[in-house]
Each structure stands twice: as C-alpha cells, then as structure tokens.
Amino acid sequence: MARVELKQVKKIYPGGVEAVKGADLVVEDKEFVVLVGPSGCGKSTTLRMIAGLEEISAGECYIGDRLVNDVPPKNRDIAMVFQNYALYPHMTVYKNMAFGLMLRKYPKKEIDKRVREAAEILSITHLLERKPKALSGGERQRVAVGRAIVRQPKVFLFDEPLSNLDAKLRVQMRAEISKLHTRLQSTMIYVTHDQVEAMTMGDRIVVMLGGSIQQIASPLDLYNTPVNKFVAGFIGSPPMNMYDGMIYAQNGAIRFRTAVEGIDLIVHEKHRAALSAYVDKKIAFGIRPEHFIENIDQKPVDGASIQANVEVVEPMGSEIYLYLAVAGKSITARIHADAKPRVNQAHVLDVDMSRAHYFDMETEKAIR
C-alpha cells in the first residue's frame, strides 16, 4: 500500500522562518496529487520532506503505515524526478537507468529486464546506448523518469520536472506522465507552479500559499468552487476578473456595484440568500473570462451588462481574448471568434451572473 499522509508537518529554518505551516494531507494509494502555488509557497519543501531530503521540524509523515520521519531517503521506497534531470554525463542512457539497481546489487538479468521494460514504456529503447549530451531536453526528462520507473517504488515524486522544456514539449510530456500514471497505477505526487499543468494532470490538487494549504480538491471543484480569493485568482487561465465594490438593495433586488462607475449588476437568485447579510457592505466580486456573453444587439441591459472600452483584441482561432477597460481597471473576456470588437471602441458584454463569485473583504473567504 502506497498511501502517503502528512499530519501537521512543519518546516522551520534557522532564524524562525516557517516554510511549511502545519500541513495536513492524505494521498491515497494509486492517486495522482499535484501541489501547486507561486514560488516560495512551500510546495517543493513539502515534497522534499516526504522524500527525506529535508528534515521535518514538527509533525509526522507516513508512507503506507510506516512513520518515516527518521528514515533515510534510500529506505523510504520512493523515487524522485528532479527539474534538472540529474543524469550522469559520462554514462549511457542504459547505465543511467540501471545505476541505482546496480548499487543495490540486483541480478544483471533483473536489471536488464527492468531497464528495457521502462525504455519501452517511454519509447526510448533506441536511445539506450547514447549519452545525455546527445539527447534533447525531452529525451533527457524521459530518461530521468525511466530511472525512477526501474526502481518500482511505492511512491513517485516529481519536482517541477517540465519547467526546463519548451511549451510544445511540456504539453507532450504532461500527456506522457498522465498516461504513465494510468499504466503503472502508482501513487504520484507532483509539484508545479503552473496551474495549467495542475488542472490537466491531477486527480486532486493542493493549492499552497505562504507555507499553508489553501484548498485540496479535484480540478473542477477547485475551478468552480474556490474557497477564497487567492485560489479563485490563481486557478484559471486567463485568471478570474476581480473587482472590489458594495452590495446594496434596490426595488426588491440585491445588486453589486463598483466604487468607480462602470459596473452595476443584479445578483443572481442563487446568491441572494448568502449576500443578503452583506447589504451595504464592501465585498469582492469575481467573474471568469468565459462567463461574459456577447451582446448581439450591443445594447446594455440593466443589471446584466457592462459597457467597456476595448484595449486589445487577441484572436485565438476558435475564440477571442478581449482586454477591456471598465471601472478603472482592465478586464479579460473570452468570446466567440465570430464577434467583431474593435480597439478603442465601446463594446457591450452581458454577464452570466449565475457563475459569479463573491468574497468577504476581511477574510477573503468565498461567500456561500
């Protein structure tokens, strides 16, 4: 069983710097979990504590039913894939993949079997006699993954393994690692700062900020029901549009308006009960770019539309990214490619208020 559990795990560096603040996390057997967050949020430190490369300052780390706080990395039955590949330049691909097994004195036949099986899974059999300098970045990363596979560990740990690759290779390797997880049915914990990677790869995603876990959820739950303003803004590309403003009541309706004139919208009935307690109070309002609707007649509808000045038009093929200025700041909308917005002209967009998000100004927690 390859279940990983962290109980109130902390990492405190000399000088009292708390890099990880009491992390509680359970990764189930055969699950693919992604740790994501901005630089310095503690995600790599958390992974390195699971690997045993960083000492745990407080709390407990279990792999299976075994407490591993004081167990050396080599005895934890894990395999780690690093950002910089960490291949031996003087060894062939075959020897790079076999080296760990050779150190553990596995029989030659078993080593050969494991290396060739891993090479076949990763489609690098034809590279086995080459040295790392003769490989592309993507091929080197496959070798690094292959070296982990031959170990047949309980848990695979990935520390930003694709960050050195170009955009096209990153997309390809994302798919390869996802397929690998399906094939091997192993427990995998993956660290990245790229939320697109997290959304496309993980069974569940752990969002971190400032050493604390903000939310743990499936990709869709994270996207549709973020627990706070940070998660809402961090997950999604382009990011969610955010505005500060006030909730007020008028003619039996509850409305949201910004301090600067430009946005004044009627709250959807599904949000009225939660927001009734915030009447005449300041809150933050969020709407994702894809939840704007092209206003065909270009005539504003009271409480359901915004009129903004178009600053940039980015055709993306099947859709258009529209950057507009309204209420003193820029917003982003994703609209159908058939729309004909023009730069420096006013443009009307309707807002799907059933998909709006609201956040408490003080706690920044989502208002449910």
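Read on for an overview of the structure. (Residues numbered from 1 in each chain as written. Predicted model: local features only at pLDDT ≥ 70, side-chain atom pairs only at ≥ 80, totals over all residues. Heavy atoms only, no water.)

Counting its regular elements, the protein chain contains nine helices and 20 strands. Principal axes of the C-alpha set define a box for the protein chain whose edges measure 80 × 45 × 35 Å. Residues counted as buried form 49% of the 368 residues belonging to the protein chain. When contacts within the protein chain are restricted to residue pairs at least 6 apart in sequence, long-range pairs at least 24 apart make up 65% of them. Averaging the locations of the 49 positively and 44 negatively charged side chains of the protein chain gives two centres separated by 8 Å. (Helix = DSSP H or I, 4+ residues; strand = E, 2+ residues; numbered from the N terminus. Buried < 20%, exposed > 50% of the residue type's maximum accessible area, 1.4 Å probe, protein only. Contact = heavy atoms within 4.5 Å. Lys, Arg positive; Asp, Glu negative; His and termini not counted. Charge placed at Lys NZ, Arg CZ, Asp CG, Glu CD.)

Pairing is antiparallel across the open sheet formed by four strands, whose spatial order is β2-β1-β4-β5. At either margin of the open sheet sits one strand with a lone partner, and together these are β2 (17-27) and β5 (66-67). Note: strand β1 (residues 4-13) against β2, seven bridges, orientation antiparallel. By the bridge assignment, I12 is partnered in β2 with E18. Each of β1, β2 and β4 (58-63) touches helix α1 (residues 43-51); the most contacted strand, β1, lies at about 115 degrees to it. (Pairing = 2+ DSSP bridges. Axes fitted to C-alpha atoms, helices over the stretch in contact; angles between N-to-C directions.)

Soluble globular proteins tend to bury their nonpolar side chains together. Counting 47 residues, the largest nonpolar core has M97, V115, F158, Y190 and V207 as the members making the most contacts within it. Setting aside anything within four residues of it in sequence, one finds V207 in contact with V36, S212, I213, Q214, Q215, L222, F230, V231 and I235. Core analysis: the second largest hydrophobic core is formed by 31 residues, L265, V267, F292 and A327 among them. (Core = buried A, V, L, I, M, F, W, Y, C linked by side-chain atoms within 4.5 Å.)

For the rest of this paragraph, the subject is the sheet that holds strand β12 (residues 253-258). Taking strand neighbours across the sheet as the criterion, the five strands line up as β13-β12-β11-β14-β20 in an open arrangement whose pairing is antiparallel. Each edge of the sheet is formed by a strand with only one pairing partner; in this case those strands are β13 (264-266) and β20 (357-360). The sheet shows a mean angle of 40 degrees between the axes of neighbouring strands, taken without regard to direction.

It is worth spelling out the packing of helix α2 (residues 93-103) against helix α3 (residues 108-121) at this point. It is at 10 Å that the axes of α2 and α3 come closest, and there the two elements cross at 135 degrees. Here α2 lies oblique to α3, going by the angle between them. As α2 runs across α3, the sense of the crossing is right-handed. Touching Y94, M97, A98, L101 and M102 of α2 are I111, D112, R114, V115, R116, A118 and A119, all from α3. Among the residues making up the contact of α2 with α3, the classes are represented as nine nonpolar, no polar and three charged. (Parallel < 35°, antiparallel > 145°, perpendicular 65-115°, else oblique. Left-handed = near helix turned anticlockwise from the far one by under 90°. Nonpolar A, V, L, I, M, F, W, Y, C, P; charged D, E, K, R; others polar.)

On to the environment of D166, then. Summarising the element assignment, D166 is placed in the loop between β7 (155-159) and α5 (167-184). Spatially, the C-alpha atoms of D166 and G138 are 8.9 Å apart, while their sequence positions differ by 28 residues.

Contact geometry of helix α4 (residues 137-149) with α5 gives a least axis separation of 11 Å together with a crossing angle of 20 degrees. As judged from the angle between their axes, α4 and α5 are roughly parallel. In this structure, α4 meets α5 at a crossing whose hand is right-handed. Facing G138, Q141, R142, V145 and I149 of α4, the residues of α5 in contact are L169, Q172, M173, E176, L180 and L184.

On to α1, then. Working note: α-helix, 3.6 residues per turn, so residues spaced by three or four point in the same direction. Counting buried residues in α1 gives seven out of nine residues, a clear majority hidden from the surface. Among all positions in α1, only K43, T45, T46, L47, M49, I50 and A51 are buried. Positive backbone phi, approximately 90 degrees, marks G52, located one or two places after α1.

Scanning the entire structure with this criterion turns up 13 salt bridges. Bridged by salt links that share partners, the residues R3, E5 and E28 form one connected network. (Salt bridge = Lys/Arg side-chain N within 4 Å of Asp/Glu carboxyl O.)

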